[in-house]
Amino acid sequence: MDTNESKYDRKSELKAFDDTKSGVKGLVDAGVSKVPQIFISPQDTYSNSTTGQFIFPVIDLQDIDSHDQINRKEVIEKVRDASETWGFFQVINHGVPYDVLEEMIRGVCSFHEQDNDIKKQWYTREFTKRVVYNSNFDLYSAPATNWRDTFFCIMAPNPPSPEELPPICRDIIVKYSEEVKKLGRSLFELLAEALGLNRNYLNDMDCDKGLSVSCHYYPACPEPKLTLGASKHADDGFLTLLLQDHIGGLQVLHRNHWVDVPPTPGALVVNIADLLQLITNDKFKSVEHRVLANRVGPRISIACFFSTFFLASSRLYGPIKELLSEENPSKYRETTIQEYSAYFTAKGLDGTSALQHFRL
Ligand SMILES: O=C(O)CCC(=O)C(=O)O
Ligand SMILES: [Fe+2]
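These lines cover the structure that appears in this document, whether it is placed above or below. (Residues numbered from 1 in each chain as written. Chains lettered and ligands numbered in written order. Predicted model: local features only at pLDDT ≥ 70, side-chain atom pairs only at ≥ 80, totals over all residues. Heavy atoms only, no water.)

Things to note about the environment of Met 104
Examined against the element boundaries, Met 104 turns out to sit in helix α4 (residues 98–113). Residue classification places Met 104 among the buried positions, given a relative accessible area of 1%. Along the backbone, Met 104 and Ile 70 are 34 residues apart, and their C-alpha atoms lie at a distance of 34 Å. Look past the residues within four positions of Met 104 in its chain and what remains in contact with it is Ile 172, Ile 173, Tyr 176, Val 213, Cys 215, Leu 243 and Ile 302. (Helix = DSSP H or I, 4+ residues; strand = E, 2+ residues; numbered from the N terminus. Buried < 20%, exposed > 50% of the residue type's maximum accessible area, 1.4 Å probe, protein only. Contact = heavy atoms within 4.5 Å.)

This is how it looks when you write it as structure tokens:
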């Protein structure tokens, strides 16, 4: 049992925080100088890597579609290596225009910084809603509350009608999502080839079909050592594409060390998520990561998740048959995306992997 539980009524504090409908930003605006107890997070046992100990992979996607197939083969090899060893890589020259990235970061910042009475109209915990603003999707289940607020929307298939999106960032969210869909498609092609499958294999499995967008706002924190912007977790879905601003704080767990994912202007971070680890029978790794809280802020990041967890479908996903052999038998039972995601969401970011539940 959490030793803090006896000292304070966590549940009613969570409820009081939720009832403000103004998130962590509301606390900071009100001038809190100490991190309230609900946010206090236990320390983990991994150490930070020292500078230069590991080199975070960066992959240049320039010319992957040119006639020069040698370049594409080299890129595929880098994608394979990074997906097997890090579960994470950064892409540059990915085709999403720089001004679209910048405008998306600005748009998300202005959503969170607009008048609270306007912003509140999107505040909800109803999981059936496709456009949602709140703080901590797992507020009532996670062991520690994270120092961040999030605006979330489902953009594919069947995007919301423009009127459902907040006017302040409507156009750029639509534009950015279109770019991410395109890039996602070509990343799944590279990933399929990196698995030795035909180029369309993962897209034909509908890996690229669903897209949801989480627009995070991490306010400056008065006591950053006591809490986290995001607790250690691996991602739900097949693949995540992350845009982060210049502040930094994202770290990936690599060989038992926390390694900083450097904020590189114009780059996008790609990471393998749980369902891709499951269908590749552990060849590609869905790796744990976290976000540190920071004395400076706000930090803005936008995580785009490829998954169709919001669509009812009985389609079963298990390890891809072509990847299995007598020496490499299936490690997972088949599951629907909905079953997987319901388990992930109910568990919350508690530091453990949801994949274990589906292991044979
Ligand atoms: O904000 C970040 O850098 C990471 C966010 C993240 O890990 C997530 O939304 O799953
Ligand atoms: Fe994540």
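Some thoughts on the site of ligand 1
Around ligand 1 sit 13 residues, and of these His 216, Tyr 218, His 289, Arg 299 and Ser 301 come closest. Between an oxygen atom of ligand 1 and a side-chain N or O atom of His 233, the distance comes to 3.1 Å. In the model, an oxygen atom of ligand 1 is placed 2.8 Å from a nitrogen or oxygen of the Arg 299 side chain. For the shell around ligand 1, the elements supplying multiple residues, two or more each, are β6 (211–218), β12 (289–292) and β13 (299–306). Of the residues that constitute the shell around ligand 1, the class distribution is six nonpolar, four polar and three charged. (Near = heavy atom within 4 Å. Polar contact = N/O pair within 3.5 Å; in protein donor to acceptor, adjacent residues only side chain to side chain. Nonpolar A, V, L, I, M, F, W, Y, C, P; charged D, E, K, R; others polar.)

Thoughts on the packing of helix α3 (residues 69–85) against helix α6 (residues 170–194)
Closest axis-to-axis distance for the α3/α6 pair is 9 Å, and the angle between their directions is 80°. In terms of orientation, α3 lies roughly perpendicular with respect to α6. Facing Arg 72, Val 75, Ile 76, Val 79, Arg 80 and Ser 83 of α3, the residues of α6 in contact are Glu 189, Leu 190, Leu 191, Glu 193 and Ala 194. Grouping the constituent residues of the contact of α3 with α6 by class yields six nonpolar, one polar and four charged. (Axes fitted to C-alpha atoms, helices over the stretch in contact; angles between N-to-C directions. Parallel < 35°, antiparallel > 145°, perpendicular 65-115°, else oblique.)

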